[in-house]
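Structural features, examined
The residues making up each chain are set out below.
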Amino acid sequence: MISVFMVMRESFLLLRRDKIFLPAVIAAIGVTLFANIASEWGIEEFRKILFDVGALGFHLTGCLVATFWGTKTISEARADGSLEIQLAAPVSRVSWLVGKYLGLVLGLFFLWVLVLIFWQIIMIANNFGPLERPQFLFFVFQLLEWCLVGAVAVFYSTFAGATIALFATICTWLAGLVSMPIAQNLPPYARGWSVTVVEQLARFWDLRQFNLADFATGVEKIPTGELQVRGVYGLLLILVIITVSCLFFRRRDVLA
């Protein structure tokens, strides 16, 4: 546990000092301000437009940051030789990879807290008061999706180069966004292995479940039990992906 904590701490500090961090914070603040301005243009309810625009902006910003950080934290350690040095100490490969991922989660959580604080300021400025439970859960599930995408980036980085891992993560992320809409719109006469692949992908890899913008504005009612199922679904996906990543990493030549 001590080795995991030390790797996590180092990873978090490196990510917090990374060049992407400040632009990510600025982008998140810009998304909040744009959502606030855009909500005054439409004829729909102010709060609905605010969260619709905010959901899109935070989703893109957080997932892209998770993708870049998840890829960078593994590839840079291999490129600068710090991976070999740390593994030469009493740190196992599994502990190192888990620590790197937890450092990534900590970095994403730090970014999430800053976003949440600024969003709360905007809410208070518009006389909406503190965040209510549905609105807070909206942000919690956004963070869960960020961590899930980060786990995918770490997974690909364990056996592929930075460029390939980055491309594969983005493709996997996009597949999770479109899998369910495609499956729901398949024609009744569609048959074949491609249909089976799409249906199974929509069943096990549907990232739209983490978008609670309609729930936050009261448009959609989601029972507490279903919210718990979605949360457990996301955590289990992360656990499976990191477990498989550790299996790949244990068998891979770190110098490759």
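Our structure's up above, just so we're on the same page.
Residues numbered from 1 in each chain as written. Predicted model: local features only at pLDDT ≥ 70, side-chain atom pairs only at ≥ 80, totals over all residues. Heavy atoms only, no water.

Further remarks concern the overall build of the protein chain. Within the protein chain one finds ten helices and zero strands. Counting from the amino terminus, the protein chain carries its helices and strands in the arrangement α-α-α-α-α-α-α-α-α-α. Residue burial in the protein chain is summarised as follows: out of 256 residues, 48% are buried. (Helix = DSSP H or I, 4+ residues; strand = E, 2+ residues; numbered from the N terminus. Buried < 20%, exposed > 50% of the residue type's maximum accessible area, 1.4 Å probe, protein only.)

By the definition in use, this model includes 15 aromatic pairs. Judged by centre distance (5.2 Å) and plane angle (55 degrees), the rings of Phe155 and Tyr156 are tilted. Take Phe155 and Tyr156: they sit in the same class, and that class is buried. A ring pair is formed by Phe155 and Phe159, whose centres lie 5.2 Å apart and whose planes are at 70 degrees; its orientation type is edge-to-face. Judged by relative accessible area, which is 32%, Phe159 ranks as partly exposed. What links up through ring pairs into an aromatic cluster is the set Phe58, Trp119, Phe138 and Phe139. Sitting over the face of the ring of Phe249, Arg93 holds its NZ or CZ atom 5.8 Å from the ring centroid. (Phe/Tyr/Trp six-rings, centres within 6.5 Å; stacked < 30°, edge-to-face > 60°. Lys NZ or Arg CZ within 6 Å of the ring centre and 35° of its normal.)

Right, let's talk about the nonpolar core for a bit. Core analysis: the largest hydrophobic core is formed by 63 residues, its most contacted members being Leu108 and Phe139. When residues of this core are traced back to their parent elements, those giving at least two are α1 (2–16), α2 (21–38), α3 (46–79), α5 (93–125), α6 (133–157), α7 (162–184), α9 (213–216) and α10 (224–251). No other element matches the 15 residues that α6 contributes to this core. (Core = buried A, V, L, I, M, F, W, Y, C linked by side-chain atoms within 4.5 Å.)

A word on the packing of α6 against α10. At their nearest, the axes of α6 and α10 sit 9 Å apart, and the two run at 15 degrees to each other. With respect to each other, α6 and α10 are oriented roughly parallel. As α6 runs across α10, the sense of the crossing is left-handed. Looking at side-chain class alone, the contact of α6 with α10 contains 17 nonpolar, four polar and two charged residues. (Axes fitted to C-alpha atoms, helices over the stretch in contact; angles between N-to-C directions. Parallel < 35°, antiparallel > 145°, perpendicular 65-115°, else oblique. Left-handed = near helix turned anticlockwise from the far one by under 90°. Nonpolar A, V, L, I, M, F, W, Y, C, P; charged D, E, K, R; others polar.)

Turning our eyes to something else, we now look at α7. Compared with the 33 Å implied by 1.5 Å per residue over 23 residues, the 34 Å span of α7 between its first and last C-alpha is a close match. At Val178, α7 shows its largest bend, some 40 degrees, and a proline, Pro181, comes one to four positions later. Taken as a whole, α7 has its buried residues at Ala165, Ala168, Thr169, Thr172, Trp173, Gly176, Ser179 and Met180. (Expected span 1.5 Å × (residues − 1). Bend = angle between axes of the 7 residues up to and from the residue.)

The next subject is the side chain of Thr172. Topologically, Thr172 is positioned in helix α7. Judged by relative accessible area, Thr172 falls into the buried class, the value being 18%. Once residues lying within four places of it in the same chain are set aside, the contact partners of Thr172 are Val152, Tyr156 and Trp205. (Contact = heavy atoms within 4.5 Å.)

Attention now moves to the layout of surface pockets. Approximately 300 Å³ is the volume attributed to the largest pocket. For the largest pocket, the lining is made up of 18 residues, of which Leu207, Arg208, Gln209, Asn211 and Leu212 are closest to its centre. For the lining of the largest pocket, the elements supplying multiple residues, two or more each, are α3, α7 and α9. The element best represented in the lining of the largest pocket is α3, accounting for five residues. (1 Å grid on protein atoms, 1.4 Å probe; cavity = no way out; pocket = protein on both sides within 12 Å on 5 of 7 lines; lining within 4 Å. Points joined across faces, edges and corners; volume = space filled by probe spheres on them.)

Moving on, we get to the environment of Ile238. Within the secondary structure layout, Ile238 lies in helix α10. Look at Ile238 and you get buried, because its relative accessible area is 10%. Along the primary structure Ile238 and Glu145 are separated by 93 residues, whereas in three dimensions their C-alpha atoms are 9.6 Å apart. If sequence neighbours within four positions are ignored, Ile238 has contacts with Tyr101, Leu144, Cys147, Leu148 and Ala151.

To continue, consider the packing of α5 against α6. For the pair α5 and α6, interaxial distance at closest approach is 10 Å and the crossing angle is 150 degrees. Regarding the angle of α5 to α6, the classification is roughly antiparallel. As for the relative orientation of α5 and α6, their crossing is right-handed in sense. Here α5 contributes Leu97, Tyr101, Leu104, Val105, Leu108, Phe109, Leu111, Trp112, Val115, Leu116, Trp119 and Met123 to the contact with α6, which in turn contributes Gln135, Phe136, Phe139, Val140, Leu143, Trp146, Cys147, Gly150, Ala151 and Val154.

Moving on, we come to the environment of Ala165. Its place among the elements puts Ala165 in helix α7. Ala165 gets classed as buried once you look at its relative accessible area, which sits at 0%. Expressed as a C-alpha distance, the spacing of Ala165 and Gly70, which sit 95 residues apart in the sequence, is 9.3 Å. Among all residues touching Ala165, those that are not within four sequence positions of it are Thr71, Tyr156, Ser157 and Ala160.

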